[in-house]
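# Summary of structural features
Residues per chain are reported as follows:
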Amino acid sequence: MDARIEQVVTSGQVSLDDTDYDVENNTYIIGDDDEVIVIDPAHDAEAILKEVGDREVMAVLLTDGNDHHLNVVLEVAAAGEEEEENWAPIALHRGDRLLWRDYFGRLAKEEDDEDDAKALRSLEPDIWLEDGGVFEIADAQLEIVHTPGHTPGSVCVISEQLGVLFSGDTLHRGRPGSIGGVYEDLRKQLNSIGALLTPLPKDLKVLPAQGEETNVGEEDSRWESWGALAQDED
């Protein structure tokens, strides 16, 4: 197999409900020596594009629309190209459209140039992700699974060829994914995690957007115990 996975770890802050949290994020670069797809760029475009090198970025996939997945997405999609028509398409689930519009609306308010502000306010993802959608890169397929809960439009990405589940912030090692321990809709998130993990091979590797890797079997065995977290949220 020519396709491979490379990881870039970056750190920064994400704002959620007017509170700032320090986070460390995993960006994944999937592809071969010529072309790549980038999943969840965060904080440091220079570090991510250094790992990409001379390869062409074919798409940028976002597993949710929170700030830390948006703060360098334009720079990574551009990959040094000045003409927007040459940028890689950015893909996000429509359920997180409000998060996208809120983020770029805030950037627009900081712009002095009205034309630039208008462009930011009108900006939309190039692709709306859908459950069951498939991207191809090198000799691997990346299948989208809608997993609402962490955000309305959270998704995970499965590659059977690479033997991996990119779980975004839906699932972290040993716990449901969160930012600073804050859950938007934990019951829905747990339902999504349960439905996601049950049919998958137990030895399938799980690569989350934060923290260390794990596997489906380990997290599936913990899933029922997380119900107590949902009760605490009530």
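Residues numbered from 1 in each chain as written. Predicted model: local features only at pLDDT ≥ 70, side-chain atom pairs only at ≥ 80, totals over all residues. Heavy atoms only, no water.

### Here's the deal with the overall build of the protein
Summing up its helical and strand segments, the protein has seven helices and 14 strands in all. Against the 2.2 N^0.38 benchmark of 17 Å for 234 residues, the protein shows a C-alpha radius of gyration of 17 Å, consistent with a compact globule. If you line up the protein on its principal axes, its C-alpha atoms span 50 × 45 × 30 Å. Here the protein, with 234 residues, has 49% of them falling under the buried criterion. Residue pairs at least 24 apart in sequence account for 56% of intrachain contacts in the protein once pairs closer than 6 positions are excluded. Surface accessibility of the protein: about 11,500 Å² in total, with carbon and sulfur atoms responsible for 41%. In the protein, which carries 17 positive and 55 negative side-chain charges, the distance between the mean positions of the two groups comes to 5 Å. (Helix = DSSP H or I, 4+ residues; strand = E, 2+ residues; numbered from the N terminus. Rg over C-alpha atoms; globule rule 2.2 N^0.38 Å. Buried < 20%, exposed > 50% of the residue type's maximum accessible area, 1.4 Å probe, protein only. Contact = heavy atoms within 4.5 Å. Areas by Shrake-Rupley, 256 points an atom, 1.4 Å probe, with all protein chains shown as cover. Lys, Arg positive; Asp, Glu negative; His and termini not counted. Charge placed at Lys NZ, Arg CZ, Asp CG, Glu CD.)

### As for the packing of aromatic side chains
Scanning the entire structure with this criterion turns up three aromatic pairs. The interplanar angle of 55° and the centroid separation of 5.3 Å between the aromatic rings of Y28 and F166 together place this pair among those described as tilted. Of the two residues, Y28 is situated in strand β2 (residues 19-31) and F166 in strand β10 (residues 164-168); the sequence distance between them amounts to 138 residues. Geometrically, the ring pair formed by W100 and F104 is tilted, given 4.6 Å between the ring centres and 50° between the ring planes. One end of the pair, W100, and the other, F104, are both in helix α3 (residues 97-109), four residues apart, so they sit about a helical turn from each other. Residues W100 and F104 agree in their burial class; the two are buried. Grouped by ring-pair contacts, the aromatic residues W100, Y103 and F104 constitute a single cluster. (Phe/Tyr/Trp six-rings, centres within 6.5 Å; stacked < 30°, edge-to-face > 60°.)

### Here's the deal with the sheet that holds strand β14 (residues 214-215)
One open sheet accounts for six strands, arranged β7-β8-β9-β10-β13-β14; its pairing is mixed. The two strands at the open ends of the sheet, each matched to only one other strand, are β7 (134-137) and β14. Bridge analysis of strand β8 (residues 140-146) against strand β9 (residues 155-159) gives four bridges, and the strand direction is antiparallel. Paired with I144 across the strands is V157, a residue of β9. (Pairing = 2+ DSSP bridges.)

### Some thoughts on unusual backbone geometry
What is expected of a backbone is that most residues other than glycine have negative phi and most peptide bonds are trans. Although it is not a glycine, H43 sits at a positive phi angle of roughly 70°. Along the polypeptide, H43 turns up in the loop between β3 (35-39) and α1 (45-52). Classification of H43 by relative accessible area gives buried; the value is 18%. A positive phi is found at A79, a non-glycine position, where the angle reads about 45°.

### Regarding the pairing of β8
For β7 and β8, the ladder comprises four bridges, and the chain directions are antiparallel. Paired with F135 across the bridge in β8 is L142. In textbook terms, the turn of a hairpin is the stretch between consecutive antiparallel strands, and for β7 and β8 this stretch comprises two residues, one of which, A138, has a positive phi near 50°.

### Description of the side chain of S159
You can see S159 is positioned in strand β9. Since its relative accessible area comes to 0%, S159 is described here as buried. Setting aside chain neighbours within four positions, we find S159 in contact with A140, Q141, L142 and V164.

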